[in-house]
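The chain contents come next:
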Amino acid sequence: MEFILRYSRGISKVEAVGLYRCPGNPPFACILEKAKCDYMAQEAYRAGGLKPDFDELPWEADYRAAKQKA
């Protein structure tokens, strides 16, 4: 299970079912939380102080391939 820390919103941590980067210009983060999915621009993710760092997030294709193996 991965965690995303949201310091800017006052929430200590939220359990994320999935957290990965999606290709785009610029790329964006996809945050899956149970039945909810949020998309966040790279700049907003970085500016919000969210963890893990944006550059450490797997790409969508790598994330899905790892899920299929499991």
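This write-up is about the structure you can find in this document. This structure is a prediction, so every number in the text was calculated from the model and none was measured. (Residues numbered from 1 in each chain as written. Predicted model: local features only at pLDDT ≥ 70, side-chain atom pairs only at ≥ 80, totals over all residues. Heavy atoms only, no water.)

## Some details on the nonpolar core
Item 1. Core analysis: the largest hydrophobic core is formed by eight residues, namely Leu19, Ala29, Ile31, Met40, Tyr45, Leu50, Phe54 and Leu57.
Item 2. Excluding residues within four positions of it along the chain, Phe54 makes contact with Arg21, Pro27, Phe28, Ala29, Gln42, Tyr45 and Arg46. (Core = buried A, V, L, I, M, F, W, Y, C linked by side-chain atoms within 4.5 Å. Buried < 20%, exposed > 50% of the residue type's maximum accessible area, 1.4 Å probe, protein only. Contact = heavy atoms within 4.5 Å.)

## What to know about the side chain of Gln42
Item 1. With respect to the helices and strands, Gln42 occurs in helix H1 (residues 42-47).
Item 2. A relative accessible area of 16% means that Gln42 is categorised as buried.
Item 3. The residues touching Gln42, leaving out its near neighbours within four places in the chain, are Pro26, Pro27, Phe28 and Phe54. (Helix = DSSP H or I, 4+ residues; strand = E, 2+ residues; numbered from the N terminus.)

## So, the packing of aromatic side chains
Item 1. Per the stated rule, a full pass over the model turns up three aromatic pairs.
Item 2. The interplanar angle of 70° and the centroid separation of 5.6 Å between the aromatic rings of Phe28 and Tyr39 together place this pair among those described as edge-to-face. Here the residue Phe28 occupies a position in strand E4 (residues 28-33), and Tyr39 occupies one in strand E5 (residues 36-41), the gap between them amounting to eleven residues.
Item 3. The partly exposed category is assigned to Phe28, whose relative accessible area is 25%.
Item 4. We classify Tyr39 as exposed; its relative accessible area is 56%.
Item 5. Aromatic side chains Tyr45 and Phe54 sit 5.7 Å apart centroid to centroid with 65° between the ring planes, which places their arrangement in the edge-to-face category. The pair Tyr45 / Phe54 is uniform in exposure class, with both members buried. (Phe/Tyr/Trp six-rings, centres within 6.5 Å; stacked < 30°, edge-to-face > 60°.)

Keep in mind these numbers describe shape, not what the thing actually does.
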